[in-house]
Amino acid sequence: VYAVSDNGIGIRDKHRDAVFQIFRRLHAAQDFGGGTGAGLAIVKNIVERHGGRIWVDSVPEEGSTFSFTLS
């Protein structure tokens with residue numbers, strides 16, 4: 001298991017699946033550094049194509065840990 005953590009704004013439970021959807025942003029484009037909403041969807045696709053899975057554990061206002069496995 002590999003993991004990447006941050007101390008950012010965190011992700012609420014109801015949005016955990018949404019962050020892995022292509023072009024799905026939870027905030028306005030100008031908030032929190034911009035972006036297209038494609039990054040995590042691309043990562044999920046790569047991980048799954050290598051037989052792995054990816055998930056997020058997060059605490060709002062404290063940060064997130066994205067963990068993944070590869071086969």
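So, here is what we can say about the structure in this document. Computed from a predicted structure; not experimentally measured.

**Let's talk about the overall build of the protein chain**
So, point 1. Of regular secondary structure, the protein chain possesses one helix and three strands.
So, point 2. The order of α-helices and β-strands along the protein chain, N terminus first, is β-α-β-β.
So, point 3. Against the compact-globule benchmark of 11 Å for 71 residues, the protein chain has a radius of gyration of 12 Å, which places it among compact chains.
So, point 4. Structurally, the protein chain occupies a C-alpha span of about 35 × 25 × 20 Å along its principal axes.
So, point 5. For the protein chain, buried positions account for 25% of its 71 residues.
So, point 6. Contacts spanning at least 24 positions in sequence make up 47% of the contacts within the protein chain whose residues lie at least 6 apart.
So, point 7. Counting every atom, the protein chain has about 5,000 Å² of accessible surface; 52% of that belongs to carbon and sulfur.
So, point 8. With 8 positive and 8 negative side-chain charges, the protein chain shows a spacing of 7 Å between the two charge centroids.

**Brief notes about the packing of aromatic side chains**
So, point 1. Scanning all chains against the criterion turns up two aromatic pairs.
So, point 2. Taken together, a centroid distance of 5.3 Å and an interplanar angle of 20° make the contact between Y2 and F68 stacked. Placement of Y2 in strand β1 (residues 2-5) and of F68 in strand β3 (residues 63-68) is noted, with a sequence separation of 66 residues between them.
So, point 3. Among the residues examined, F68 registers a relative accessible area of 21% and is labelled partly exposed.
So, point 4. Consider the rings of F20 and F66, whose centres lie 6.1 Å apart with planes at 80°: the pair is edge-to-face.

**Some details on unusual backbone geometry**
So, point 1. One non-glycine residue, E61, adopts positive backbone phi at about 70°.
So, point 2. Looking at the secondary structure, you find E61 in the loop between β2 (54-59) and β3.
So, point 3. Taking relative accessible area as the criterion, E61 reaches 64% and is therefore assigned exposed.

Calculation notes
Residues numbered from 1 in each chain as written. Predicted model: local features only at pLDDT ≥ 70, side-chain atom pairs only at ≥ 80, totals over all residues. Heavy atoms only, no water. Helix = DSSP H or I, 4+ residues; strand = E, 2+ residues; numbered from the N terminus. Rg over C-alpha atoms; globule rule 2.2 N^0.38 Å. Buried < 20%, exposed > 50% of the residue type's maximum accessible area, 1.4 Å probe, protein only. Contact = heavy atoms within 4.5 Å. Areas by Shrake-Rupley, 256 points an atom, 1.4 Å probe, with all protein chains shown as cover. Lys, Arg positive; Asp, Glu negative; His and termini not counted. Charge placed at Lys NZ, Arg CZ, Asp CG, Glu CD. Phe/Tyr/Trp six-rings, centres within 6.5 Å; stacked < 30°, edge-to-face > 60°.

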